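The lines below spell out each chain.
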Amino acid sequence: MTPIRLLFVSNSDSKSAWKRRLEALDPSIEVRLWPDPGSLDGIEAALVWKPPAGLLATLPRLRLVLSLGMGVDHVFADPALPKGVPVVRLVDPDLVNRMSEYCALAVLRYHRNADAYDAFQRARQWKALPNEPAGASRGVGILGLGEIGRDLAAKLAPFGFRLAGWSRTPKLVPGVESYHGAEGFKPFLARSEIAVCLLPLTPETEGILNAAAFAALPKGAIVVNAARGGHVVDADLLAALDSGHVAAAQLDVFRQEPLPPEHPFWAHPKVRITPHNAGLTNPETAAAQIVENLRRLRAGERLLNVVDPARGY
Ligand code: NDP
Ligand code: OXD
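The structure displayed is predicted, hence computed values, not measured ones.

## Description of the overall build of the protein chain
1) Next: Across its full length, the protein chain carries nine helices and 12 strands.
2) Next: Relative to a compact globule of 313 residues, whose C-alpha radius of gyration would be 20 Å, the protein chain shows 21 Å and is just as compact.
3) Next: Buried residues in the protein chain amount to 49% of all 313 residues.
4) Next: In the protein chain, of all internal contacts separated by at least 6 residues, the share reaching a separation of at least 24 is 62%.
5) Next: Total accessible area on the protein chain is roughly 14900 Å²; 57% of this is exposed by carbon and sulfur atoms.

Next up, the structure:
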């Protein structure tokens, strides 16, 4: 196989693990690690997570951009992203599984009032809340019925929740009531007692979880955001929590990461925070797909998981 030079651009601690894994799977790949790649001559592909703006435009022989995650908003955020160079994303079953675990845990925790029981225990109170409704009477709404949203629906279905999904185009997913487009948004929210955001971040979805969306949720709804911080209008979520219309929020992603110490989410009693680790890309499971796309690039074959730049996901 013709050798190929791949620029790896990420602040990840596992850079060396990625290099080892990729070069072991295909010795014709030469991985150069940014920010000390040596010469950039002849770089034909870049595997990136939040690449510095303008960096990719300095690679004259670039033929492929590979996202180190499932989301690609961090790639399209570069205003100088070279036009016409295909962008592919990871679709890794291990990462999908982790994301579903995270969201299912949040759904079950809130469904069974886990926060209240934690507080009762701390107060040494033997107290039961009125019977939680069984799964079938709880409406769970999934924003985004893509790879992760569909997997989450499949994992929640056996509990019997009343599942709904919202997407851009209509979907036929067994056991999931499908809503789509702008006209489907409010009716979808109105039946979502627990709303889980798994949308890509695009110009259409930026700020979609705003005051109007929160108001459309049933009173006492729960919001889970494992997608991107840019989906949430922070001030609107805080207002909805303070008014009690939204009862609690579980957030894995934030507009600024790491979340600054002074951000009001940290100390808010109704907010649970995790550090953007709902899903983590694992080189052991994800590298094979990258190697396969580099093989396809050289063989002139159709690439896997190509992103549509016009849609932004
Ligand atoms: P997919 O691209 O597979 O699916 C996206 C879904 O969102 C599709 O159903 C799509 O609709 C829908 N959608 C997109 N735009 C709109 C819109 N304007 N209105 C309504 N629906 C819309 O995404 P994945 O499931 O692979 O991933 C989702 C996101 O999760 C990623 O983009 C990433 O940001 C985030 N993520 C977060 C991680 C973490 O650690 N926190 C880890 C991995 C991913 P349609 O089907 O009609 O096209
Ligand atoms: C991803 C992420 O997009 O980890 O894969 O956020």
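Here the narrative resumes.
## Side note on the environment of R255
1) Next: Mapped onto the fold, R255 is located in the loop between β11 (246-251) and β12 (271-273).
2) Next: By relative accessible area, R255 is classed as partly exposed at 43%.
3) Next: In sequence terms R255 and W266 are 11 residues apart; their C-alpha atoms lie 14 Å from each other.
4) Next: In contact with R255, other than residues within four places in its own chain, are E206, G207, G229, G230, V232, V233 and D234.
5) Next: At 2.8 Å, the side chain of R255 and the side chain of E206 are in polar contact.

## Quick word on empty space enclosed by the protein
Empty pockets left among the atoms are what a rolling probe the size of a water molecule brings to light.
1) Next: Taken as a whole, this structure holds one cavity of 30 Å³ or more when the rule is applied.
2) Next: Computed from the structure, the largest cavity encloses a volume of approximately 40 Å³.
3) Next: If you go around the largest cavity, the residues you meet are L66, S67, V88, R89, L90, Q289, I290 and N293.
4) Next: Counting residues per element, the ones that place at least two in the lining of the largest cavity are β4 (64-67) and α9 (283-299).
5) Next: The greatest single-element share of the lining of the largest cavity, amounting to three residues, is contributed by α9.

## A few points about the site of ligand 2
1) Next: Inspection of the region around ligand 2 gives W49, G69, M70, G71, L95, R228, H276 and G279 as its neighbouring residues.
2) Next: The backbone of M70 places a nitrogen or oxygen atom 2.7 Å from an oxygen atom of ligand 2.
3) Next: H276 places a polar side-chain atom, nitrogen or oxygen, 2.7 Å from an oxygen atom of ligand 2.
4) Next: Burial of ligand 2 by the protein chains amounts to 86% of its free accessible area of 210 Å².
5) Next: A per-class count over the shell around ligand 2 returns three nonpolar, four polar and one charged.

## Side note on the layout of surface pockets
1) Next: Counted as a void, the second largest pocket has a volume near 230 Å³.
2) Next: It is helix α4 (residues 114-122) that provides the largest number of residues to the lining of the second largest pocket, a total of three residues.

## Here's the deal with the site of ligand 1
1) Next: Close contacts around ligand 1 come from 28 residues, with R89, T169, K171, A226 and Y313 the closest.
2) Next: Here an oxygen atom of ligand 1 and a backbone polar atom of G146 are 3.2 Å apart.
3) Next: I148 is positioned with one of its backbone polar atoms (N or O) 2.9 Å from an oxygen atom of ligand 1.
4) Next: Listed by contribution, the elements that provide at least two residues to the shell around ligand 1 are α5 (147-156) and β7 (162-167).
5) Next: Among the residues forming the shell around ligand 1, the class breakdown is 13 nonpolar, eight polar and seven charged.

Here is what the cut-offs are and how they apply
- Residues numbered from 1 in each chain as written.
- Chains lettered and ligands numbered in written order.
- Predicted model: local features only at pLDDT ≥ 70, side-chain atom pairs only at ≥ 80, totals over all residues.
- Heavy atoms only, no water.
- Helix = DSSP H or I, 4+ residues; strand = E, 2+ residues; numbered from the N terminus.
- Rg over C-alpha atoms; globule rule 2.2 N^0.38 Å.
- Buried < 20%, exposed > 50% of the residue type's maximum accessible area, 1.4 Å probe, protein only.
- Contact = heavy atoms within 4.5 Å.
- Areas by Shrake-Rupley, 256 points an atom, 1.4 Å probe, with all protein chains shown as cover.
- Polar contact = N/O pair within 3.5 Å; in protein donor to acceptor, adjacent residues only side chain to side chain.
- 1 Å grid on protein atoms, 1.4 Å probe; cavity = no way out; pocket = protein on both sides within 12 Å on 5 of 7 lines; lining within 4 Å.
- Points joined across faces, edges and corners; volume = space filled by probe spheres on them.
- Near = heavy atom within 4 Å.
- Nonpolar A, V, L, I, M, F, W, Y, C, P; charged D, E, K, R; others polar.

Just distances and angles here, no functional claims.
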